[in-house]
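# Fold and geometry: a report
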Amino acid sequence: NHILLDIMEKVIKTNGPRDRRWRIEHVQHIRPEDIKRMSRLGILASVQPYHSYDDGCWAHLKLGKERIRWSYPFRTLLNQGVKLICGSDWTVAPLNPFYGIFSAVTRRTRDGRHPYGWIPEEKISLVEAVRGYTVNPAFAEGSEDFKGTLAPGKIADIIVLRQNIFRMPADEIKNNDVIMTIFNGRIVHRQEWT
């Protein structure tokens, strides 16, 4: 992250500001001063929240107590004005975005050692996590005028869930079920439901 920010900052200084929408993939472990620099430069943070579910079990052994504090710093990134672009990193992690949303909101780990969250001060809200999987990626690719939200004139990419994730316990989010998928206004998947 530090090296990439050095390069990006040099390019910006040399060529002037413009709407680049650059992002760094895998903003997992970052120096706190680089979070401020990402914000100042307008660099987007591409994160894979599910990795914290796995890495929270062992990363402290590799990074140590001081550096581990800045692992998956979602709340700090958002508080500093950095947009989070959330993804799965499939095939390395499950493709299902609800696993990532669950991980970002609860910060729990696979080994169960952190029931209140691994580095819990870095939890984000459910609304922020959903934005990280919808609105923000559309912005990152420059398609926010026709994707990322539901509004007249935008393409209708919609999923219908079995349960409302905003009305269920956070630890159940990962078990939700998609019963219908609408892509570009056309139903491409439908499940019978009661």
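Use the structure listed above.
Here is a short report on the structure shown in this document. (Residues numbered from 1 in each chain as written. Predicted model: local features only at pLDDT ≥ 70, side-chain atom pairs only at ≥ 80, totals over all residues. Heavy atoms only, no water.)

Turning our attention to the sheet that holds strand E5 (residues 178-183). If you trace the 3 strands from one edge of the open sheet to the other, you get E4-E5-E6, paired in antiparallel fashion. Strand pairing shows two members of the sheet lacking a second neighbour, strand E4 (158-161) and strand E6 (186-190), which therefore form its edges. Taken pair by pair, the neighbouring strands of this sheet meet at an average axis angle of 20°, ignoring direction. Bridge count between E5 and E6: 4 bridges; the pairing is antiparallel. Bridging from a neighbouring strand, Ile 182 pairs with Ile 187 of E6. (Pairing = 2+ DSSP bridges. Helix = DSSP H or I, 4+ residues; strand = E, 2+ residues; numbered from the N terminus. Axes fitted to C-alpha atoms, helices over the stretch in contact; angles between N-to-C directions.)

So, on to helix H4 (residues 59-68). Along H4, the positions that sit buried rather than exposed are Ala 59, Leu 63 and Ile 68. Seen from one end, H4 has its buried residues packed into an arc of 75°, which puts them on one side. With respect to the buried face of H4, the exposed residues turned more than 90 degrees away are Leu 61, Lys 65 and Glu 66. Looking at the buried side of H4, the elements it contacts are helix H3 (50-55). (Buried < 20%, exposed > 50% of the residue type's maximum accessible area, 1.4 Å probe, protein only. Arc of directions from axis to C-beta. Contact = heavy atoms within 4.5 Å.)

For the rest of this paragraph, the subject is the environment of Ile 187. Turning to its location among the elements, Ile 187 is positioned in strand E6. For the pair Ile 187 and Ile 159, spaced 28 residues apart in the sequence, the C-alpha separation amounts to 9.6 Å. Among all residues touching Ile 187, those that are not within four sequence positions of it are Met 180, Thr 181 and Ile 182.

In the structure shown here, the tally under the stated rule is 5 aromatic pairs. The interplanar angle of 40° and the centroid separation of 5.3 Å between the aromatic rings of Tyr 50 and Tyr 53 together place this pair among those described as tilted. With Tyr 50 and Tyr 53 both in helix H3 and 3 residues apart, the pair spans about one turn of that helix. Summarising the burial analysis for this pair, Tyr 50 and Tyr 53 share the class buried. Consider the rings of Tyr 53 and Phe 102, whose centres lie 5.9 Å apart with planes at 75°: the pair is edge-to-face. Taken as a pair, Tyr 53 in helix H3 and Phe 102 in helix H6 (residues 97-106) lie far apart in primary sequence, 49 residues in all. The same class applies to Tyr 53 as to Phe 102, namely buried. (Phe/Tyr/Trp six-rings, centres within 6.5 Å; stacked < 30°, edge-to-face > 60°.)

Looking now at the pattern of salt bridges. One pass over the full model with this rule turns up 15 salt bridges. Ionic pairing is found between Arg 37 and Glu 9, a salt bridge with its closest N-O pair at 2.8 Å. In this pair, Arg 37 sits in helix H2 (residues 32-41) while Glu 9 sits in helix H1 (residues 2-15), placing the two residues 28 residues apart along the sequence. The same class applies to Arg 37 and to Glu 9, which are both buried. A salt bridge links Glu 141 to Lys 147, with the shortest nitrogen-to-oxygen separation between them at 2.6 Å. What emerges from the salt-bridge pattern is a single network uniting Asp 6, Glu 9, Asp 34, Arg 37 and Arg 40. (Salt bridge = Lys/Arg side-chain N within 4 Å of Asp/Glu carboxyl O.)

Let us now look at unusual backbone geometry. Thr 91 follows Trp 90 through a cis peptide bond whose omega is 20°. For Ile 119, which is not glycine, the phi dihedral falls at a positive 50°. The residue Ile 119 is located in the loop between H6 and helix H7 (126-133) in this model. Residue Ile 119 is classed as buried on the basis of its relative accessible area, which comes to 11%. Of note, Asn 184 is a non-glycine position whose phi angle comes to about 55°, a positive value.

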